[in-house]
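Observations on the model geometry
Listed here are the chains, written in short residue letters.
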Amino acid sequence: DIVQELTEGNPVVHSVTFPEGLTSWQIIERLNAADLLEGQIETVPPEGSLLPDTYAYERGATRESVLERMRKARDEAVAEIWAARDPDLPLETPEDLVILASIVEKETGIDGERPQVASVFINRLKKGMRLQSDPTTIYGITKGVGALGRGLKKSELEAKTDYNTYQLDGLPAGPIANPGIEALKATANPAKTDYLYFVAAGADPSAGHLFASTYKEHQQNVAKFRAVQREAAAEAARE
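Residues numbered from 1 in each chain as written. Predicted model: local features only at pLDDT ≥ 70, side-chain atom pairs only at ≥ 80, totals over all residues. Heavy atoms only, no water.

1. Focus: the side chain of Asn164
- By the secondary structure assignment, Asn164 is in the loop between helix H7 (154-158) and helix H8 (181-188).
- Among the polar contacts listed, one links the side chain of Asn164 to the backbone oxygen of Glu156, at a separation of 3.3 Å.
- Apart from residues lying up to four places away in sequence, Asn164 is in contact with Thr136, Thr137, Glu156, Leu157, Glu158 and Ala159. (Helix = DSSP H or I, 4+ residues; strand = E, 2+ residues; numbered from the N terminus. Polar contact = N/O pair within 3.5 Å; in protein donor to acceptor, adjacent residues only side chain to side chain. Contact = heavy atoms within 4.5 Å.)

Printed below as a string of structure tokens:
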């Protein structure tokens with residue numbers, strides 16, 4: 001029985017998980033640190049070219065083989081989702097879809113919110129409004145290498161880069177992360193809304209966002225968010 005198990009038994013399968021929204025640099029850092037894989041990845045792939053997911057492998061597999069599977073999975077997913085997209089999207093190519101989906105991915109980690117967040121950006125593109133997304137400005141500073149680790153400065157919001165959508169019309173120069181399946185689907189088929197604005201509903205990202213169709217309504221939501229911030233700061237001070 002032991003000999004049969006050794007010669008015919010199933011090999012032990014290991015896995016490595018890449019959360020949605022990681023940059024390509026972060027994915028390579030995680031892949032290079034994964035146990036029981038061979039070879040190191042020296043070159044960071046283009047942003048948005050990999051599909052985040054959990055990938056199984058056997059001892060002795062190469063890191064390059066995992067990376068190739070991530071590329072193939074991304075290409076297949078984008079092709080399928082692009083083919084089933086809303087025909088009214090203001091996006092010209094599958095790469096445009098990936099760019100916008102990467103922004104949606106970085107703006108919210110809540111599955112149920114992604115179609116609404118996507119609708120805001122789609123509505124803005126249709127109206128010729130700038131996207132004004134903080135994560136794009138951050139990517140213009142970090143280029144996806146590590147986290148900014150602080151709030152954005154006014155001067156950074158006003159700086160012209162290939163990624164700062166406070167200063168750019170339309171989409172940034174490329175993706176700002178590797179979006180997952182749900183962000184791609186939400187962007188390809190966003191919710192039907194007239195929303196043009198959103199702001200965090202609370203200090204914790206799990207609280208989600210408040211959406212608005214008018215700037216006046218948005219200002220009211222911003223005031224609610226700032227009140228929550230003040231209360232959180234006061235509670236922290238009491239502790």
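2. Points about the nonpolar core
- Core analysis: the largest hydrophobic core is formed by 42 residues, its most contacted members being Phe18, Leu91, Leu100, Phe121 and Leu184.
- Elements represented by at least two residues in this core include exactly helix H2 (24-33), strand S2 (54-58), helix H3 (63-83), helix H4 (94-107), helix H5 (114-127) and H8.
- With 7 residues, the top contributor of residues to this core is H3.
- Residues in contact with Leu91, not counting those within four places in the same chain, are Trp82, Asp96, Leu97, Leu100, Ile122, Leu125, Leu171 and Thr187. (Core = buried A, V, L, I, M, F, W, Y, C linked by side-chain atoms within 4.5 Å. Buried < 20%, exposed > 50% of the residue type's maximum accessible area, 1.4 Å probe, protein only.)

3. So, a nonpolar patch on the surface
- On the surface, a cluster of nonpolar side chains totalling about 230 Å² of accessible area is made up of Trp25, Val44 and Val145.
- Note that Val145 resides in the loop between helix H6 (134-142) and H7.
- Classification of Val145 as partly exposed rests on a relative accessible area of 44%. (Patch = residues over 30% accessible without salt bridge, like charges linked within 9 Å, V, L, I, M, F, W, Y side chains within 5 Å. Areas by Shrake-Rupley, 256 points an atom, 1.4 Å probe, with all protein chains shown as cover. Salt bridge = Lys/Arg side-chain N within 4 Å of Asp/Glu carboxyl O.)

4. Considering helix H9 (residues 215-238)
- The first and last C-alpha atoms of H9 sit 35 Å apart over 24 residues, in line with the 34 Å expected at 1.5 Å per residue.
- Within H9, burial applies to His218, Asn221, Val222 and Phe225.
- Buried positions along H9 lie against strand S3 (197-200) and strand S4 (209-212). (Expected span 1.5 Å × (residues − 1).)

5. Focus on the packing of aromatic side chains
- For the structure on display, the rule yields 6 aromatic pairs.
- Seen in terms of ring centroids, Tyr195 and Phe211 are 5.2 Å apart; in terms of plane orientation they differ by 25 degrees. Their pairing is stacked. Placement of the pair is Tyr195 in the loop between H8 and S3 and Phe211 in strand S4, with a sequence separation of 16 residues.
- Among the aromatic residues, those joined into a ring-pair cluster are Phe121, Tyr195, Phe198 and Phe211.
- Its end group placed over the ring of Trp82, Arg85 keeps NZ or CZ at 3.7 Å from the ring centre. (Phe/Tyr/Trp six-rings, centres within 6.5 Å; stacked < 30°, edge-to-face > 60°. Lys NZ or Arg CZ within 6 Å of the ring centre and 35° of its normal.)

6. Considerations on the pattern of salt bridges
- Under the criterion given, the structure shown has 10 salt bridges.
- Among the salt bridges present, the one from Arg74 reaches Asp75, with a minimum N-O distance of 3.0 Å.
- The salt bridge partner of Arg114 is Glu105, with a shortest N-O separation of 2.9 Å. Of the two residues, Arg114 and Glu105, both sit in the buried class.
- Taken together, the salt bridges that share partners define one network made up of Glu64, Glu68 and Arg71.

7. A few points about the layout of surface pockets
- Considering only enclosed or pocket space, the largest pocket measures out at about 1200 Å³ in volume.
- In terms of lining, the largest pocket is formed by 43 residues, of which the most central are Glu107, Asp134, Pro135, Phe198 and His209.
- Of all the secondary-structure elements, those providing two or more residues to the lining of the largest pocket are H4, H5, H6, S3 and H9.
- Ranked by residues supplied to the lining of the largest pocket, first place goes to H9 with 6 residues. (1 Å grid on protein atoms, 1.4 Å probe; cavity = no way out; pocket = protein on both sides within 12 Å on 5 of 7 lines; lining within 4 Å. Points joined across faces, edges and corners; volume = space filled by probe spheres on them.)

8. Details of unusual backbone geometry
- Backbone geometry at Leu36 places phi at a positive 65 degrees, although glycine is not the residue there.
- Along the chain, Leu36 falls in the loop between H2 and S2.
- Backbone geometry places Gln132, a non-glycine residue, at a positive phi of 50 degrees.
- Within the element layout of this structure, Gln132 appears in the loop between H5 and H6.
- Residue Gln132 is classed as partly exposed on the basis of its relative accessible area of 37%.

9. Quick look at the environment of Ser49
- Examined against the element boundaries, Ser49 turns out to sit in the loop between H2 and S2.
- Given a relative accessible area of 16%, Ser49 falls into the buried group.
- It is 8.7 Å that separates the C-alpha atoms of Ser49 and Val98, two residues lying 49 residues apart in sequence.
- Beyond its immediate chain neighbours, meaning those up to four positions away, Ser49 contacts Met70, Arg71, Arg74 and Asn178.
- Within the local environment of Ser49, its side chain forms a polar contact with the backbone oxygen of Pro46, the two atoms lying 2.7 Å apart.

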